Amino acid sequence: MYEPIRAKSVHTMAGTSSDFPHRSREEELDIQLAGHLAALLAVTDELRALAPSADLETAAARLAEQVARLRGGRPPARTSATAAAGPHLAALHRRAHTLAGRALLVAASRADTAGAILAAERMDAHAAMLAPRGLAAH
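*Asks:* Which parts of the structure should I look at to understand the overall build of the protein?
*Replies:* When helices and strands are tallied, the protein shows five helices and zero strands. When its helices and strands are written in sequence order, the protein yields α-α-α-α-α. Put simply, the protein has 138 residues, and 32% of those count as buried. When the accessible area of the protein is evaluated, it comes to approximately 8,900 Å², of which 59% is carbon and sulfur surface.

In C-alpha cells form, the structure reads like this:
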C-alpha cells in the first residue's frame, strides 16, 4: 500500500546550504547596528544644521566612526541638511532618542561595548534636550 517517493519534495530546499550565502548572527547584528547608527547620524546631521553645537559635532564624528568600523572601514553616506527645511527640534530629538535606543538594544545583544556606550550617551543627550529646560535653551 505504501509507495516510496521517487521525486524530490517541493517542500525541501533545493541543493545544499552552500547554494546561497549565509550570514552569522554576529554579521546580522553588525548590519543592524550599523543601520541604526547610520540613521542616528542622519538625524544628528539634521540637528546640527538646525542648532549647531559642539556636542552634536562630536557625536556626529563618533557615530560616523562607529558606522565605518561596523561596515569594514567604509564611511557612511552623509548629506548636508539645510536649516530652512528642517522639522521641529523636539520631533528630531525624539526620533534620535528612539534610534539610539534601538542601537543600544542591538549593541547590547551583540556585546559591542563601544556601540552600547555611544548609544546610551546619545539617548541621555537627547532625553536631556527633550526635558522642559533643554528645549528652552534652543
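*Asks:* What should I look at first to understand the environment of Ala42 in this one?
*Replies:* With respect to the helices, strands and loops of the structure, Ala42 is situated in helix H1 (residues 25–50). Accessibility expressed as a relative area gives 40% for Ala42, which makes it partly exposed. Through-space distance from the C-alpha of Ala42 to that of Arg78 is 7.0 Å; in sequence the pair is 36 residues apart.

*Asks:* Sorry if this is basic, but what is going on with unusual backbone geometry here?
*Replies:* Negative phi is the rule for most residues except glycine; trans is the rule for most peptide bonds. Positioned with a positive phi, Ala111 is a non-glycine residue whose angle comes to about 65 degrees. Here Ala111 shows up in the loop between helix H3 (89–110) and helix H4 (113–130). According to the relative accessible area criterion, Ala111 is exposed, its value standing at 63%.

*Asks:* Sorry, what's going on with H4 here?
*Replies:* Helical periodicity: at 3.6 residues per turn, an α-helix aligns residues three or four positions apart in one direction. Helix length check: H4 (18 residues) gives 26 Å between terminal C-alpha atoms against 26 Å at 1.5 Å per residue, within 8%. When we look at burial in H4, the residues that qualify are Gly115, Ala116, Leu118, Ala119, Arg122, Met123, Ala125 and His126. The inward-facing, buried residues of H4 abut H1, helix H2 (54–70) and H3. Where H4 begins, one side-chain oxygen reaches toward the backbone nitrogen of Ala114, 3.3 Å away; that side chain belongs to Asp112.

*Asks:* What am I meant to see in the packing of H2 against H4 here?
*Replies:* A packed helix pair is summarised by two numbers, namely the angle formed by the two axes and the spacing between the axes. The contact between H2 and H4 brings their axes to 11 Å, and the two run at 150 degrees. With respect to H4, the element H2 is oriented roughly antiparallel. Pair H2 / H4 crosses with left-handed handedness. When H2 is examined against H4, the residues Asp55, Leu56, Ala59, Arg62, Leu63, Gln66 and Arg69 are found in contact with a partner set consisting of Ala114, Gly115, Leu118, Glu121, Arg122 and Ala125. Here the residues of the contact of H2 with H4 sort into six nonpolar, two polar and five charged.

Calculation notes
- Residues numbered from 1 in each chain as written.
- Predicted model: local features only at pLDDT ≥ 70, side-chain atom pairs only at ≥ 80, totals over all residues.
- Heavy atoms only, no water.
- Helix = DSSP H or I, 4+ residues; strand = E, 2+ residues; numbered from the N terminus.
- Buried < 20%, exposed > 50% of the residue type's maximum accessible area, 1.4 Å probe, protein only.
- Areas by Shrake-Rupley, 256 points an atom, 1.4 Å probe, with all protein chains shown as cover.
- Expected span 1.5 Å × (residues − 1).
- Contact = heavy atoms within 4.5 Å.
- Polar contact = N/O pair within 3.5 Å; in protein donor to acceptor, adjacent residues only side chain to side chain.
- Axes fitted to C-alpha atoms, helices over the stretch in contact; angles between N-to-C directions.
- Parallel < 35°, antiparallel > 145°, perpendicular 65-115°, else oblique.
- Left-handed = near helix turned anticlockwise from the far one by under 90°.
- Nonpolar A, V, L, I, M, F, W, Y, C, P; charged D, E, K, R; others polar.

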